[in-house]
Amino acid sequence: MRLRSVQLAMRFIVPLAVVLALFGYFAIPWMESFTVRWFVRDLDTRSQFVSSTLQQPLLTYLEEKSPRRINEMFNRAIQDERLYALGFCDTDGKLLYKTNTYPLSLGCWQNQDSEGKTNPVVRLPQGPVHVSSKELVQDGVGVGRLVLVHDMSFIERRSEDTKKYITGLFAALACIISLITVLVAQLSWRGWVNGVRDMLRGELLPQSTHATPPEMAPLASDLRALLYEYNRDQPGAAGNNQAWDADTLKSLLRRELAGDEILVVSNREPYIHVATPEGVQVQRPASGLVTAVEAVMRACSGTWIAHGAGSADRATVDRNDHVPVPPENPSYTLRRVWLSKEEEQGYYYGFANEGLWPLCHIAHVRPVFRSSDWEEYVKVNQRFADAVIREARSDNPVVLIQDYHFALLPRMVRAVLPKATIITFWHIPWPNPESFGICPWREEILDGMLGSTILGFHTPFHRKNFLDTVDRYLETRIETEASTVSYGNQLTQVEHYPISIAWPEPVPGEPDAAASHAQVRHALGLPADHLLGIGVDRLDYTKGIVERFQAVERMLELHPHMVGRFTFVQIAAPTRSSLDEYQNFEARVRGLAQRINQRFSRDSYVPIILKAEHHGQDQLRPYFRAAQVCSVTSLHDGMNLVAKEFIAARDDEQGVLVLSQFTGAARELHEALIVNPYHIEQGAEALYRALTMPADEQGERMRSMRRRVRDFNVYRWAGRMLMDAARLRQRERVMSRIGSLSQEKFKRPAP
Ligand code: ADQ
């Protein structure tokens, strides 16, 4: 505090001292020369006065030819403290009379030199003097010239004194002004700090009754919003100081949402039944959304409504299109919705993945919007809304709507089930208002989403983008501090809930990190000490796979001793393969891997192994555990769960995560090596740094990230949303009770 005051005061004192020094530097010489000019003028007048006084007696003595009396008069006259010497010259310029003090070097002084200039000040060895002369005239005839020499040393003395006084004055002034500045700075800093403190104390709740001081007003709203965010993330905030796991979530549901049913809606189903020559097989899709929500559904039970896309899906449902899952130990119901080829093409591939997906990701792929796709999108959203309404066993279910495939669903469900608690989670980034404005149906999308009770994003930044977008395109009332949007008669809470994974339970018989290390290298035909990097993604242009390969190439260029020692394994699940953009992207990835491999391969060595196929989670874990480095280089990503899965897999507390700054995960995993994936050299250096990082440092970073991912797991993500939902439902219930009580009162006949 004291240090800050000093710093603050210095900001005033330093410029002040500079100004005063400059002022002193220029002002003092100027004042000196001004004083000299002033005294010279004074001496000019004095000389005239003295010569006028001496003129008459001198003329008389000259006439009398009395040198004695002239000398006496001269010597008497120089008794004056300032008159230093006198002399008299005849008309021929001969010095006839003079006092002993008269400097001979002055000769017979003339006021004007040949150029007509006058400088009465002459520097003599004994000091500066002022010299002037006066022509003496008698009866119209010139008789000679009286020369007066005044001592000027007193001026120098006075000037010295003046300089001292002025310097003193400036110093005193500087001190006083500085002191006042420090005092004012101190007082205003204190006032400001007190103002902020008051606000912090009184304004934790957004709708505080405290009046904000006017000087704090511009800051108040920002501060409150920051505080609100901060409090939500802090231990001690609702649900933050408890450890979250499946059981905590279950008991929360029993406690807070007792008897309330949960319905989940997503496009992708958590289990796909596929017909194969060996019979029906169950597949788990490569999807971050499914990974997260499935863990929650296992804990909560309820019904999950999704598109039945598997070739054997119809064959495995009952007559209500239900199938109990997980197949090995059912704990909830999967309800499948069937879509025609046209519906899937228009709604899923078209509007959702050619329109909204590139619109929301800054990956430099242009969104495509077609009216026909939009019509299918509206139709399919309605189909899913109908399914929700049909599945709901009460008029107020809790509906969890997942992602950008269902932006219109909240409004459609709300229209039929006005009491439903609708939680919509947007798993991908939300762009800024200008970018979103590209969408021809932007108002309809926003209107649809605002049918939600709670709207969730991964990061505060995406949440803010959404609020700004709503502000730009709809007539709403937004409470930034409370993060709510009032639209029509309804309030939507807009929050950030960073998604995560379920912290893995130890799997009996699973090989440990050292065994995985050896197994994976053996399976890939690599030496036991070979360095390994891993990337796991859907084959999507937002994941930065091209940039990742380029970074590998550059690293091998910059550090040639890594050639033959390091291999990067990319596991890439094909996705949305019927879209041109994805086909082109896959071709590009394959082409690049091939080119880099040709460039650096020797004997059996290749630097990049591309496995463009889906892998089960149990197949991915050994890779995560075997690699020295996991590279997540998304160009834009809502969160990115691969980063968290890698951390969770590293129970040996080794391995380094290289993480794109454009992922939501980068906001949480600060101990990763954060990179800009577009900066290839930076990516290359990060890779090299990861491969050469000492084990101690790896351990420190990994431990810290593991703590974070374990504590902030998917149960906490779901728990916080459901707790918020429970709070809002409770408020709704109280409000409707108050409403019905007051209605009863009005209905009652007057006594
Ligand atoms: P995704 O874009 O699918 O998710 P991500 O979060 O990385 O991205 O999740 C991918 C999931 O699929 C992970 O669980 C991963 O293990 C799995 N996976 C990836 N490649 C695989 C492969 N080849 N084989 C098998 N499994 C594979 C969207 C958003 C993200 C957000 C999630 C969750 O784009 O930003 O983190 O939703 O909200």
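Here the structure is shown first, and the text comes after it.
Not measured: the values here are computed from a predicted model.

Draft legend 1. A look at the overall build of the chain. A tally of regular secondary structure across the chain gives 21 helices and 23 strands. Counting every position in the chain, which comprises 751 residues, the buried fraction comes to 52%. Looking at the chain alone, contacts between residues at least 24 apart form 71% of all its contacts between residues at least 6 apart.

Draft legend 2. Fine view of the environment of Ile 545. Looking at where Ile 545 falls in the secondary structure, it is placed in helix H15 (residues 545–558). Along the chain, Ile 545 and Leu 592 lie 47 residues apart, while their C-alpha atoms are 10.0 Å from each other. Ignoring any residue separated from it by four or fewer positions in sequence, one finds Ile 545 in contact with Asp 537, Arg 538, Leu 539, Gln 570, Phe 585 and Val 589.

Draft legend 3. Broad picture of the state of the cysteines. With the rule as written, the count across this model stands at 1 disulfide. Between the sulfur of Cys 89 and that of Cys 108 lies a disulfide, 1.7 Å long from S to S. On the criterion of sequence distance, the pair formed by Cys 89 in strand S1 (residues 83–89) and Cys 108 in the loop between strand S2 (95–98) and strand S3 (121–124) is long-range, its members being 19 residues apart. The exposure class assigned to Cys 89 is buried, which follows from its relative accessible area of 0%. Here Cys 360 is not cross-linked by a disulfide; its sulfur's nearest cysteine counterpart is in Cys 439, at 8.9 Å. For Cys 360, a relative accessible area of 0% translates into the label buried.

Draft legend 4. View of the site of the ligand. With respect to spatial proximity, 28 residues lie near the ligand, and among them His 427, Arg 538, His 615, Asp 637 and Glu 645 are the closest. A distance of 3.2 Å separates a nitrogen atom of the ligand from a polar atom in the backbone of Asp 537. One of the backbone nitrogen or oxygen atoms of His 615 is found 3.0 Å away from a nitrogen atom of the ligand. In the complex, the protein chains occlude 97% of the 710 Å² of accessible area that the ligand would expose alone. Taken together, the elements giving at least two residues each to the shell around the ligand come down to helix H6 (288–300), strand S18 (531–538), strand S19 (566–573), helix H17 (617–626) and helix H18 (641–649).

Draft legend 5. Main features of the pattern of salt bridges. Inspection of the entire model under this criterion finds 44 salt bridges. When the shortest N-O distance is used, the salt bridge between Arg 472 and Glu 434 registers 2.8 Å. Of this pair, Arg 472 sits in helix H13 (residues 460–473) while Glu 434 sits in helix H11 (residues 433–436), and the two are 38 residues apart along the sequence. Between Asp 468 and Lys 464 there is a salt bridge, with the nearest N and O atoms lying 3.0 Å from each other. In this pair, Asp 468 and Lys 464 both sit in helix H13, 4 residues apart, roughly one turn of the helix. Each of Glu 553, Arg 554, Glu 557, Arg 595, Arg 599 and Glu 681 takes part in one network of salt bridges that share partners.

Analysis parameters
- Residues numbered from 1 in each chain as written.
- Predicted model: local features only at pLDDT ≥ 70, side-chain atom pairs only at ≥ 80, totals over all residues.
- Heavy atoms only, no water.
- Helix = DSSP H or I, 4+ residues; strand = E, 2+ residues; numbered from the N terminus.
- Buried < 20%, exposed > 50% of the residue type's maximum accessible area, 1.4 Å probe, protein only.
- Contact = heavy atoms within 4.5 Å.
- Disulfide = S-S within 2.5 Å.
- Near = heavy atom within 4 Å.
- Polar contact = N/O pair within 3.5 Å; in protein donor to acceptor, adjacent residues only side chain to side chain.
- Areas by Shrake-Rupley, 256 points an atom, 1.4 Å probe, with all protein chains shown as cover.
- Salt bridge = Lys/Arg side-chain N within 4 Å of Asp/Glu carboxyl O.

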